[in-house]
Amino acid sequence: MFTDNDRQITGIQAIQEALAEEMRRDPNVVVFGEGIGERGGCFGQTKGLWNECGPERLIDTPISELAFTGMGIGASMAGLRPVIDLMYIEFMMDAAGQVVHQAAKVRYMSGGQFHCPLVLVAAIGRYNNAGPHHSGCYYPMFMHVPGLIVVVPSSARDLKGLLKSSIRSDDPVLFLEHKSLFSKKMAVPEGEFLTPLGQANVCRVGTDASIVAIGQMVEYSLAAATSLAKNGIEVEVIDPRTLVPLDEETVVRSVQKTRRLLVIDEAHETCNAAAEIATRVIEKAFDYLDAPIVRLSGAKVHVPYAPPMEQFVAPSPERIEQTVKELVA
Amino acid sequence: MKRKKAQDKTRGERAEAGCEVDEDRALDFYRSMARVRKFEEAAAQYVREGSIPGFIHAYIGEEAVAVGVCGALEPGDYVTSTHRGHGHALSRGLSMKSVMAELWGKRDGTNLGRGGSMHIFDASRHFLGTNGIVAGGVPLAAGAAFAIRYKKTGQIAVSFVGDGGTNHGAFLETLNIAAAFDLPLVIVVENNLYATSTPYACVTKTQDIALRGTAVGMAAETVDGNDVEEVHATARKAVARARGGSRPSLLVCQTYRTVGHYEGEPVAGTYRTWEEVEAWKQKDPIINYKKRLIERYGATIAEQLDRIDEEAGQEVASAVEFSRNAPFCAPVEATEHVYG
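Calculation rules
Residues numbered from 1 in each chain as written. Chains lettered and ligands numbered in written order. Predicted model: local features only at pLDDT ≥ 70, side-chain atom pairs only at ≥ 80, totals over all residues. Heavy atoms only, no water. Contact = heavy atoms within 4.5 Å. Buried area = accessible area lost by both parts, 1.4 Å probe. Salt bridge = Lys/Arg side-chain N within 4 Å of Asp/Glu carboxyl O. Helix = DSSP H or I, 4+ residues; strand = E, 2+ residues; numbered from the N terminus. Nonpolar A, V, L, I, M, F, W, Y, C, P; charged D, E, K, R; others polar. Domains from an automatic or database assignment. Polar contact = N/O pair within 3.5 Å; in protein donor to acceptor, adjacent residues only side chain to side chain. Core = buried A, V, L, I, M, F, W, Y, C linked by side-chain atoms within 4.5 Å. Buried < 20%, exposed > 50% of the residue type's maximum accessible area, 1.4 Å probe, protein only.

Participant: How should the interface of chain A and chain B be read in this particular structure?
Facilitator: Interfaces are often sized by the amount of accessible area the parts lose when they come together. Taken together, the contact pairs 43 residues of chain A with 39 residues of chain B. Here chain A meets chain B over a buried area of about 3200 Å², counting both sides, of which 68% is carbon and sulfur. A per-residue breakdown of the area chain A buries against chain B is headed by Met71(A), Tyr108(A) and Met109(A), which together make up 21% of the total. The interface formed by chain A and chain B holds zero salt bridges in total. Mapped by element, the contributors of at least two residues to the side of chain A that touches chain B are strand 2 (29-33), helix 2 (50-57), strand 3 (58-60), helix 3 (65-77), helix 5 (96-103) and helix 6 (106-109) of chain A. By residue number, the principal contributor to the side of chain A that touches chain B is helix 3 of chain A, which donates ten residues. Considered class by class, the residues forming the side of chain A that touches chain B number 23 nonpolar, 14 polar and six charged.

Participant: I'm lost on the domain arrangement of chain A in this one. Help?
Facilitator: Residue and element names in this part refer to chain A. By domain assignment, chain A separates into domain 1 (8-187) and domain 2 (201-328). On a C-alpha basis, the centres of domain 1 and domain 2 stand 26 Å from each other. Domain 1 puts 25 residues into the contact, and the matching count from domain 2 is 29 residues. In terms of surface lost to domain 2, no three residues of domain 1 exceed Arg126, Asn129 and Met143, which account for 33% of the buried area on that side. Joining domain 1 to domain 2, the criterion identifies three salt bridges. Two residues, aspartate 158 and arginine 241, come together in a salt bridge whose shortest N-O distance is 3.1 Å. Across the contact surface, domain 1 and domain 2 share 13 residue pairs in polar contact (both at pLDDT 80 or more). Broken down by secondary-structure element, the contributors of at least two residues to the side of domain 1 that touches domain 2 are helix 7 (139-143), strand 6 (149-151) and helix 8 (156-168). Partitioning the side of domain 1 that touches domain 2 into residue classes produces 14 nonpolar, eight polar and three charged.

Participant: Please explain the nonpolar core as it appears in this structure.
Facilitator: A general tendency of soluble globular proteins is for nonpolar side chains to be buried together. Ranked by internal contacts, the top residues of the largest apolar core, which has 92 residues, are Met77(A), Met92(A), Tyr139(A), Leu176(A), Phe146(B), Leu183(B) and Leu185(B). Among the elements that take part in this core, helix 6 (residues 137-151) of chain B stands out by supplying ten residues, more than any other. Both domain 1 (8-187) and domain 2 (201-328) of chain A contribute no fewer than three residues apiece to this core. Apart from residues lying up to four places away in sequence, Tyr139(A) is in contact with Ile89(A), Ile124(A), Val150(A), Val152(A), Leu176(A), Ile214(A), Leu243(A), Asp265(A), Glu266(A), Ala267(A) and Ala273(A). In this structure, Ala42(B), Ala66(B), Val99(B) and Val188(B) belong to the second largest nonpolar core, which totals 42 residues.

Participant: Looking at this structure, how should I read the pattern of salt bridges?
Facilitator: Pairs can form between side chains of opposite charge once their charged atoms are near each other. Residues and elements named next belong to chain A. Inspection of every chain in the model, using the stated rule, returns 41 salt bridges over all chains. Between glutamate 269 and lysine 300 there is a salt bridge; the shortest N-O distance is 3.7 Å. One end of the pair, glutamate 269, is in the loop between strand 13 (261-268) and helix 11 (273-285); the other, lysine 300, is in the loop between strand 14 (294-298) and helix 12 (307-312), and 31 residues separate them in sequence. One network of salt bridges, with partners in common, ties together Arg7, Glu17, Glu21, Glu22, Arg25, Lys160, Lys164, Arg168, Glu190 and Glu192.

This is the structure in structure tokens:
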């Protein structure tokens, strides 16, 4: 999938490219958010767009998440394709009513007369000690709601390809960017490409156990897999990339081959994405399992500030490695 | 409050204020209000009877607001409505049969019976929905207004909201954004004095809602919401401000629902007194308009107005018949229209 010729760019650069390409392609794409104009966004996600798109298309909003999210929804019903940048997913909670009751339900309630082609962009995840108000994942809450698409990329390549697909989607998309990807350089092909929504990525092929990992947990799982391979254990690592719709087929096929499954999710354990994925596998491939499914999740506590505690509450490559060893023993 | 009661104004004063309309227009106003009233009376009856499932919030007593405002709009303008929204839907030209069938939950409803009273949509009328979430439609209308200005399509957007909604963050945040962004938007507050059962005065220090518009730098006016001509005249100014200069307005209409919050709730006795309800019934927007038109045009118009009442009643009866006999969607169709 990756070639040696691919250039290395950061996650943020990948996001900038996706936005620039889609805004050039479709004049109906506009961005709402705090400081996304001339400043270029809190994380630099709209840097470089100001001269080309200006204040008509990069709309700096007041700190009114509820209103500007609702505005994005109304604008999408009236023919635009807004990207609503909420900065951190925590701030989406102030607009959650508009997301759940309007964006997610408009197509359904109106019997298909209206729809909401919009993208809600927010940063997620524990990263560099941001503390309890800037470190959450929260996608399980939104996975619960019919009508929403939930995307959690794990590489710069997918940030670009999936953001482009999300902007072209005719349904509301939550595009959740793990902060660990922002400044990391990764291989991304030159030029335009789209990554389809609803298609998992088999990041590493293996035979002894399957790992389904989300967001930063993909990186951790690949690190654990490399280490495990030295001990002769070959794990398959799957990144669902979109949690809704979920590519069950790829996960089930993998489990049918390896007969063992570990699901890794940074979100708090109760009702998280891992719980959903595990349940689907039990429903679809129980007879293929040689061992109980194991979950590694974010702890059922908030994300603390102090580095040792922050590290403690999420799965680590070491814990993943140890868990796989126990799973295949 | 500086406003005057409708019945306190002389005809000369009204003409001077630019409120008085010509006879055809007056008959249109009367017809539109009568249609809403008859519709609501029938809907309430069939909710009580149990043949309409669910519950409704009737607009009885507030008809002059929807009719006066919508009479100032063009067909392409966008409107968001509230949980008490049948009057807005009908005033925007949605088919009465389709709206009634939607209350009945039938396939022939405006949106296939999957919304009901609080979720009536009609794309062909740019009607962005009645809304089960208080103030939920206000930011949506601002978004439509943004899209209009961005695409330079020349329409405006209107959002109806109740006095209760003016204490919701969605209203307060949107008010500021609409002013800051110069959106072609008219926010119409239907101040019926109660947020469900809570008197506005008990939970709000400043009673003058228009001040909220002034505070964010938006044109704001308060009118007698039971006087269709006054509502209309003021709405026209607000609409012109939005369409011509892309400037938003807040239009506060003082009115009252002379029925319960939802059909089935006692009209008075808990949070309102019978005396208060009776006093407002004396200010009924339809009865008083009828009186005024007879006063203005003479007894000959009385016959026309009676005929309008009769026709409205017949139209409602036929919508009821249609809705009662219309089919439901198949249960499995509940799985459609989740994603595109």
